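Descriptive structure summary
If you want the building blocks of each chain, they are given just below.
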Amino acid sequence: MALNKPNAIFAILLVASATLFTNSLRAQDLYQAFRQGWLRKAEAYKPRLIETIKQPVNLVKLEKEPSAFQGWKAVSSGGTDKLYNASLKTESGIVADFGEHLTGYFTFTIKALNGTPDAPVRLKFTFGEVPAELSVPFDPYTGTLSRAWLQDETVTVTEMPATITIPRRLAFRYVKIEQLGASSSFDFHISNMQFKATTSVATTPPALAAGTPQLIADIDRVGLATLKECMQTVYEDGPKRDRRLWIGDLYLESLANLYSFKNNDLTKRCFYLLAGLSGDDGILIANVFETPEPHAQVGGRLLDYCFLYNVALKEYVTATGDKQTGLDLWPVAKKQLDIARKYAGEDGMMDYLKAGKEWWVFFDWKDGLDKQASLQGLTIYTLNQTYALAKLLGKESEVADVPALTKKLKEAAHKKLLDKTTGLFVSGADKQISYGSQAWMILGGVASKAEAQKALNALPVIKNAVHPGAPYMFHYYVAALIESGLKNEAKEAVENYWGGMIKKGADTFWEVYDPNDELKSPYNFYPVNSYCHAWSCTPVYFIRKYPEIFQR
Ligand code: RAM
């Protein structure tokens, strides 16, 4: 349609104002000048995945056993020949064990044994990281996360022989094979199974000191396996679920990596990716996806994780001396401190109630945990760590207000949250006592060494103390024990908690572990928990960073 003159002028004006509007929107992007460069660097540091072909090592039977983890154990039931040589019709429900946790792609070959294949065959494969995942019915599904995270896959085979790869990437040790539909006029069998396992880990860390206690060596081995499985083209939180980069998980994985596989490029990739995908306001988004294009989870704002980005960056620059990455990403770290400034009150206390309304304030999977003390402690910790980063980078002048703010928050916390009679830190209106509150107050440096020891020593005998709900919070508790000089207690805590998982048969460490409630799930259905979870790998960091505590 041809435009007459007034219409043409109107159209030109419209385009011009639209361009102005878009430009003004772009101008609101705090990192406009850097964003594409950060994303390019993230791409440049993307690791090549190492692929290894694995075969099942055994067949197993799953047996109910009240003393086994979640009530199920896998008992060897012979070699894989039994499966490969027999008709699947008679072996439906058979379980193959690959002997270790693997992440990658599953391929099987199916062949007719006798008769003429005259109809499709339908099979169901269920992949599990732990025995209970293959034993507990998934339906009716009661979980709060997508039912589709559970790894049961139906495959219809229309002709045979056939070699079929299940398209979905899987994370598992055990696979159950069931026959859902077949014709009576022919028999068939699975003649081969293999798994293309992937990880970006290419190195083997040094052996632990001779004489390291066996349990610690086992914890280290399982921690390394956990970390290796989570190290794909980003630090994933869990290869089964959520299969993405979360800042909190990245922090703990990058610490463990510094003392083990030393894949610094992967750490850099994750820092740049998160920076490149942060909000236009400069605030980080807690979790991001790599495909089909790198993108952040819309609305995924988690306060504690914004702070931990700074801490992770500081630890990385300190350990590697890579100031360039620190300088590139300094604007991001600096910006996250606005969160502290926004919620710090005149009285030196963080307005945790307001923050809780405006953010997801996480800290742990623990119902009822009061987060006042944790938030106050983490904020102080972050201010300290970010200031240390600024010093490393020669940027103190850009955060000149930080030392005074830190002091104010610290003094207020000491005055308002330390119960001088019990020696314990309290949190919230009900003065709740928790492991988390003690840990974060101590890491924030609110307690003197003597006060810290007093608080941590008092904790185990407090009846109503809120315990950590997940290994994530347990990490900070152990870090606080070490920080306070309670070395034996730190070692015992690692031996009891992660050693507890080892004793229950863990091949990789779990997302959630409550020694008194093995069926605990933040998602109302424990088979959807992740049983190879990044934030649970941190004993690797403790054991290797502090050999004098753990390796003797
Ligand atoms: C869990 C994820 C991840 C964690 C978040 C907060 O669902 O698996 O590990 O960082 O919660």
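Residues numbered from 1 in each chain as written. Predicted model: local features only at pLDDT ≥ 70, side-chain atom pairs only at ≥ 80, totals over all residues. Heavy atoms only, no water.

1. A look at the environment of Gly 279
Here is the rule: Helix and strand assignments follow DSSP, with helices taken as H or I runs no shorter than four residues and strands as E runs no shorter than two, numbered in order from the N terminus. Buried means the residue's accessible area, taken with a 1.4 Å probe over protein chains only, is under 20% of the maximum for its type, while exposed means over 50%, and partly exposed covers the values in between. Residue contacts are defined here by distance: any two heavy atoms, one from each residue, within 4.5 Å place the two residues in contact.
Here Gly 279 lies in the loop between helix H8 (264-276) and strand S11 (287-289). Gly 279 gets classed as buried once you look at its relative accessible area, which sits at 9%. Every residue in contact with Gly 279, bar those within four places of it in the chain, is listed here: Arg 35, Ile 285 and Arg 301.

2. As for the pattern of salt bridges
As a reminder, the rule being used: When a carboxyl oxygen of Asp or Glu is within 4 Å of a side-chain nitrogen of Lys or Arg, the pair counts as a salt bridge.
All chains considered together, the criterion is met by 32 salt bridges. In this structure, Lys 73 engages Glu 65 in a salt bridge whose closest nitrogen and oxygen atoms are separated by 3.7 Å. Here Arg 147 and Asp 152 are joined by a salt bridge, their closest N and O atoms 2.8 Å apart. Judged by its relative accessible area of 24%, Arg 147 is partly exposed. For Asp 152, a relative accessible area of 17% translates into the label buried.

3. Describing the sheet that holds strand S12 (residues 295-296)
Heads up, the condition is: Strand pairing is assigned whenever DSSP identifies at least 2 bridges connecting the two strands.
The strand order across the open sheet formed by 3 strands is S10-S11-S12, and the pairing between neighbours is antiparallel. On the outer flanks of this sheet lie strand S10 (245-246) and S12, each paired with one strand and no other. Two elements, S10 and S11, share 2 bridges in a ladder whose sense is antiparallel. Among the inter-strand pairings, Trp 246 is bridged to a residue of S11, identified as Asn 287.

4. Some details on the site of the ligand
Cut-off, in case you're wondering: To be near a molecule or strand, a residue needs just one of its heavy atoms within 4 Å of it. N or O atoms closer than or at 3.5 Å make up a polar contact, with two conditions inside protein: a donor-capable atom paired with an acceptor-capable one, and, for residues adjacent in sequence, both atoms drawn from side chains. Residue exposure ignores everything except the shown protein chains as possible cover, and the areas themselves are Shrake-Rupley values with a 1.4 Å probe. Lys, Arg, Asp and Glu make up the charged group, whereas Ala, Val, Leu, Ile, Met, Phe, Trp, Tyr, Cys and Pro make up the nonpolar group; the residues left over, Gly among them, are polar.
Neighbouring residues of the ligand: 13 residues in total, closest Asp 237, Asp 249, Tyr 305, Tyr 523 and His 533. Between Asp 237 and the ligand, the recorded distance is 2.7 Å, taken from a side-chain N or O atom to an oxygen atom. Here an oxygen atom of the ligand sits 3.2 Å away from a polar atom, N or O, in the side chain of Arg 241. Relative to its free-state accessible area of 290 Å², the ligand is covered by the protein chains to the extent of 97%. Grouping the amino acids of the shell around the ligand by side-chain chemistry returns 7 nonpolar, 1 polar and 5 charged.

5. Digging into helix H16 (residues 471-483)
Worth spelling out the cut-off: Helix span is expected to be 1.5 Å times the residue number reduced by one.
Along its 13 residues, H16 runs 18 Å from first to last C-alpha, staying within 8% of the 18 Å computed at 1.5 Å per residue. When you tally the buried positions in H16, you get 12 out of 13 residues, the bulk of the element. Turning to H16, its buried residues are Pro 471, Tyr 472, Met 473, Phe 474, His 475, Tyr 476, Tyr 477, Val 478, Ala 479, Ala 480, Leu 481 and Ile 482. Taken from the residues just after H16, Gly 485 is the one with a positive phi, measuring 80 degrees.

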